[in-house]
Amino acid sequence: MSLIRFGEFEFDEQTFELRRKGVHTRIQQQPARVLALLLSHHGKVVSRDQIRNAVWRKDTLVDFEQGLNFCIRQIRITLNDQPEKPAFIETLPRLGYGRI
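Residues numbered from 1 in each chain as written. Predicted model: local features only at pLDDT ≥ 70, side-chain atom pairs only at ≥ 80, totals over all residues. Heavy atoms only, no water.

A. View of the side chain of aspartate 12. Inspection of the secondary structure assignment puts aspartate 12 in strand S2 (residues 9-12). For the buried residue aspartate 12, which engages in no salt bridge, the nearest side chain bearing the opposite charge is arginine 19, 7.4 Å off. At a separation of 2.8 Å, a polar atom in the side chain of aspartate 12 contacts the main-chain amide nitrogen of glutamine 14. (Helix = DSSP H or I, 4+ residues; strand = E, 2+ residues; numbered from the N terminus. Buried < 20%, exposed > 50% of the residue type's maximum accessible area, 1.4 Å probe, protein only. Lys, Arg positive; Asp, Glu negative; His and termini not counted. Salt bridge = Lys/Arg side-chain N within 4 Å of Asp/Glu carboxyl O. Polar contact = N/O pair within 3.5 Å; in protein donor to acceptor, adjacent residues only side chain to side chain.)

Okay, structure coming up:
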């Protein structure tokens, strides 16, 4: 079992389960996959293309930009993270996402 601890959260990379202070916190699968990728690159910038290649299948017929924005928004809601004053996920315009 591979757990990543950050703040008051614990994320299981194998099952995509998120816990806050030991209590299971609901997060949908796609946002959980994006969170896993961001956590695995802690302290580094992760580009939108890196996220697309790692999380979205090539044959997926969805609007990637809209899908990624939804995932980031869901992660922020789940972590109670504010984009204006991020504690976990920082948007880096034209580069991608960083921190966590």
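So that's the structure; there's more coming.
B. Region of interest: the packing of helix H2 (residues 48-55) against helix H3 (residues 64-79). At a closest axis distance of 11 Å, the pairing of H2 and H3 adopts a crossing angle of 95°. Judged by the angle between their axes, H2 and H3 are roughly perpendicular. Residues Arg48, Ile51 and Arg52 of H2 touch H3, and the partners they reach there are Phe64, Glu65, Leu68 and Asn69. Residues belonging to the contact of H2 with H3 are distributed by class as follows: three nonpolar, one polar and three charged. (Axes fitted to C-alpha atoms, helices over the stretch in contact; angles between N-to-C directions. Parallel < 35°, antiparallel > 145°, perpendicular 65-115°, else oblique. Contact = heavy atoms within 4.5 Å. Nonpolar A, V, L, I, M, F, W, Y, C, P; charged D, E, K, R; others polar.)

C. Expanded view of the sheet that holds S2. Spatial ordering of the open sheet is given by S1-S2-S3-S4, a layout of four strands whose pairing is antiparallel. The sheet is open, and its two borders are formed by strand S1 (3-6) and strand S4 (23-25), each paired with just one other strand. Taking each pair of neighbouring strands and ignoring which way they run, the sheet shows an average axis angle of 30°. In terms of strand pairing, S2 meets strand S3 (residues 17-20) through four bridges, oriented antiparallel. By the bridge assignment for S3, glutamate 10 is matched with arginine 19. Set on the sheet, helix H1 (residues 29-40) makes contact with S1, S2 and S3; between it and S2 the angle comes to about 105°. Strands S1, S2, S3 and S4 of the sheet are contacted by H3, whose axis makes an angle of about 30° with S3. (Pairing = 2+ DSSP bridges.)

Purely spatial values, then, with no claim about function.
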